[in-house]
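Breakdown of the fold
Listed below are the residues making up each chain.
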Amino acid sequence: MWDGTISFSLVAIPVRLVKAVKPGRITFRTLHRADYSPLARRMFCPEHEQIVPPDEIIRGYELAPGRYLPVTDEELESVSPERSRTIEIIDFIDLDEVDPVYFDHPYYLAPLKGGEKAYRLLAEVMRRTNKAGLAKFVMVEREYLVAVVSMEGALAMITLHYSEEVLPDNGIAPKEAKLEAVEKKRMERSIRNMTAEFDPAKYADLRREKVVDLLNLKMKEQAPVEAPVLEEEEGEGPADLVAALEEIMREVKNKP
Amino acid sequence: MSRTAIEIGGKRLSLSNLEKELYPSCGFTKANLLEYYGQMSGSILPHLKNRALTLKRYPDGVEQEYFFEKRCPVHHPAWVQTAEVSRGSKQMTVCLANNTATLLWVENLASLELHVPLARAASPETPDAMVFDLDPGEGADILDCGRVALVLRELFSRLRLTGYPKTSGQKGLHVFVPLNRPETTFDDTKQFSKAVAIIMQKNYPDLVTAKMAKEQRRGRVFINWSQNDASKTMVCVYSLRAREKPYVSFPLEWKELELAVKGGNPARLHITHAEALGRIKAAGDLFREVLVKKQKLPHL
């Protein structure tokens, strides 16, 4: 995981990046129905009707269907940002100003040795002032715009979408129509009646739960199927040939 | 664009861009390329003859993009011989490099590398040789391939088979076992070579793997038995390779391979175009037996 420092003006806080979410989706392997071998993806060339080995695969930018501009890994590397060890805060902003549509992926920032005091100070002050630090940050050859935020005494970092990634919402909101005062009142009352504290634990991913139940039930009812062990080892060849080869191998190896 | 017209055996050919550097680091030009294949034609043509030719073309030299061409380019001269082959459900027309003029015509297309199947176009399911493609993984080298080849030689001799090694022209070796019998199929050669590869792996687990996976190949030689397939091609003996220098896929004598392995001298196993031409002049086609020697796979 990434280690580095949060810095601004004269402050430098050593931190480690820690995952804050783990997608809860249950994933499945694809298997060959015939023998339950797990399947692999391969790149296929429809023109030559054959699997293309990795050393024959290059990248092309599609200019139009069937017209490409080949781009090499070296060229892409030459425009990648330098690796960096700092989360350099450029501005502090009001957290409320950030439209949630910009939030992408959250991480926790864990304090490293020697930075605990400054870490707590920054977390506490940002919490009280409801501010977030806006920073640039390089991870795995990509530069991210991130918000450093305070989260219950801890610091967290949320990667943000760049503005060109966010699609315009024009045309979504309906044309202005006159709203009746009575109707507005009624709507406000309904909402007030249903208002609760946000408690994410109250809501569960129902499909996930059902899938887990299904898997547990199946596990009780039937034995799992086994993939063949090292398919290449199986069926070494015709028995005569294998025996002859084994015999010869012994001789070859025992030769002085 | 500079053009030069030549005539070979009554066939007219227009050559272009002769001064273009195809191996820029050593100044090897299109003219040098044509000269190499022209001088090599007597030795390489028997190995290309009547086989579906795959061109690996480097129009702007080895440092630039390349592409494979399996179909015979549509604009080919009328005198280029072709064959119809089926790939899967599709038919396609391929070139047969059956004479010097055709060889030079494909070289004028900057086809630095020539690849051919193990079977002839007219009998696509009948390999006339079985091949052991020895490919060193990371941390292994051509001498490790040599060690594996020498064990294969021992093993073959006890099966009354003779194998013929050549360099791949890159980092590996290819050992050809000529068969030249119409009843042998790719199923046979695949089954046989796979059994050999697996038993080699069992007995020399630190040196050999029969598995394609990269992590299995580290420090070991991968015996790629799956090349014994109607849909696969191998770089033709005497073809150049697209590396920093024009190295050749060149036949080796077993003795010479033994010496290189004993002496720990990998450099002897990288043969340049100039050395290749010199050796051909002195010793002729070391791979000619691969085309004529009849051998039967035992225990099948």
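A short tour of the structure in this document, coming up. (Residues numbered from 1 in each chain as written. Chains lettered and ligands numbered in written order. Predicted model: local features only at pLDDT ≥ 70, side-chain atom pairs only at ≥ 80, totals over all residues. Heavy atoms only, no water.)

**A short note on the overall build of chain A**
Note the cut-off: A run of DSSP states H or I qualifies as a helix once it reaches four residues; a run of E qualifies as a strand once it reaches two. Both are numbered from the N-terminal end. Each residue gets one of three labels from its accessible area relative to the maximum for its type: buried under 20%, exposed over 50%, partly exposed in between, using a 1.4 Å probe on protein chains only. A contact between two residues is defined here by any heavy atoms of the two lying within 4.5 Å. Note on areas: Shrake-Rupley, 1.4 Å probe, and residue coverage restricted to the protein chains presented here.
Tallying secondary structure elements over chain A gives five helices and eleven strands in all. Looking at chain A as a whole, 21% of its 256 residues are labelled buried. The long-range share in chain A, meaning contacts at least 24 apart out of those at least 6 apart in sequence, stands at 62%. Put simply, chain A shows about 20,600 Å² of open surface, and 56% of that area lies on carbon and sulfur atoms.

**Side note on a negative patch on the surface**
Put simply, the rule is: Residues form patches when they are more than 30% accessible in relative terms and have no salt bridge. Like charges link within 9 Å. Nonpolar side chains (Val, Leu, Ile, Met, Phe, Trp, Tyr) link within 5 Å. The term salt bridge refers to a side-chain nitrogen of Lys or Arg lying within 4 Å of a carboxyl oxygen of Asp or Glu. For the purpose of counting charges, residues Lys and Arg are taken to be positive, whereas Asp and Glu are taken to be negative. His and the chain ends are not included. To locate a charge, take NZ of a lysine, CZ of an arginine, CG of an aspartate or CD of a glutamate.
Where like charges cluster on the molecular surface, the negative patch consists of Glu74, Glu75, Glu77 and Glu141 of chain A together with Glu65 of chain B. Considering the arrangement of structural elements, one finds Glu65 of chain B in the loop between strand E5 (54-57) and strand E6 (67-69). The class for Glu65 of chain B is partly exposed, based on a relative accessible area of 32%.

**Thoughts on the environment of Thr272 of chain B**
All names here are of chain B. Position of Thr272 relative to the elements: it lies in the loop between helix H6 (254-262) and helix H7 (273-283). For Thr272, a relative accessible area of 24% translates into the label partly exposed. Spatially, the C-alpha atom of Thr272 lies 7.5 Å from that of Lys245, the residues being 27 residues apart in sequence. Once you skip the residues sitting within four places of it in the chain, Thr272 turns out to touch Pro246, Tyr247 and Val248.

**A word on the state of the cysteines**
Residues and elements named next belong to chain B. Note the cut-off: We call a pair of cysteine sulfur atoms a disulfide whenever their separation is within 2.5 Å.
Taken as a whole and judged by the stated rule, the model has one disulfide over all chains. Each sulfur in the disulfide pair Cys72 and Cys95 lies 2.4 Å from the other. Torsion about the S-S bond of the Cys72 and Cys95 cystine: about 95 degrees, corresponding to right-handed handedness. Here the residue Cys72 occupies a position in the loop between E6 and strand E7 (82-87), and Cys95 occupies one in strand E8 (residues 90-95), the gap between them amounting to 23 residues.

**With respect to the sheet that holds strand E1 (residues 3-8) of chain A**
Either a parallel or an antiparallel arrangement is found when strands of a sheet pair, and the pairing is made through backbone hydrogen bonds. All names here are of chain A. Rules: Being paired, for any two strands, means DSSP has found at least two bridges between them. Here the axes come from fitting lines to C-alpha atoms, over the contacting stretch only for helices, and the angles between their N-to-C directions go from 0 to 180 degrees.
Spatially, E1-E2-E8-E11-E10-E9-E7 is the arrangement adopted by the seven strands of the closed barrel, whose pairing is mixed. Across the sheet, the mean angle from the axis of one strand to that of its neighbour is 40 degrees, orientation sign disregarded. As judged from the seven bridges shared by strand E9 (residues 131-139) and strand E10 (residues 142-151), these two strands associate in the antiparallel manner. Bridge pairing in E10 links Val138 to Glu143. Contacts between helix H2 (residues 116-129) and the sheet are confined to E1, strand E2 (11-19), strand E7 (86-94), strand E8 (103-111), E9, E10 and strand E11 (154-160), with E11 contributing the most and set at about 70 degrees to the helix.

**Digging into the interface of chain A and chain B**
How we decide: When two components associate, each loses some accessible surface as probed by a 1.4 Å sphere; the sum of these losses over both components is called the buried area.
The partner chain B presents 32 residues to the 29 residues of chain A that form the contact. Surface buried jointly by chain A and chain B totals about 2,800 Å² across both partners, of which 57% is contributed by carbon and sulfur atoms. Across the chain A-chain B interface, the total number found is three salt bridges. Of the charged contacts, one joins Glu251 of chain A and Arg158 of chain B as a salt bridge, the two residues approaching to 2.6 Å between their closest N and O atoms.

**Side note on the nonpolar core**
For the record, the criterion: Here, the term nonpolar core denotes a set of buried Ala, Val, Leu, Ile, Met, Phe, Trp, Tyr and Cys residues that are joined through side-chain atoms within 4.5 Å. Bear in mind that the domain bounds are from an automatic or database domain assignment.
Core analysis: the largest hydrophobic core is formed by 98 residues, its most contacted members being Tyr36, Leu48, Phe132, Leu134 and Met200 of chain B. The element contributing the most residues to this core is helix H3 (residues 142-158) of chain B, with ten residues. Shared between two domains, this core holds at least three residues of each, these being domain 1 (3-116) and domain 2 (129-292) of chain B. Discounting chain neighbours no more than four positions away, the residues touching Phe132 of chain B are Leu152, Phe156, Leu173, His174, Val175, Val177, Ser193, Val196 and Ile223 of chain B. By size, the runner-up hydrophobic cluster in this structure holds 22 residues, among which are Trp2, Ile89, Leu155 and Met157 of chain A.

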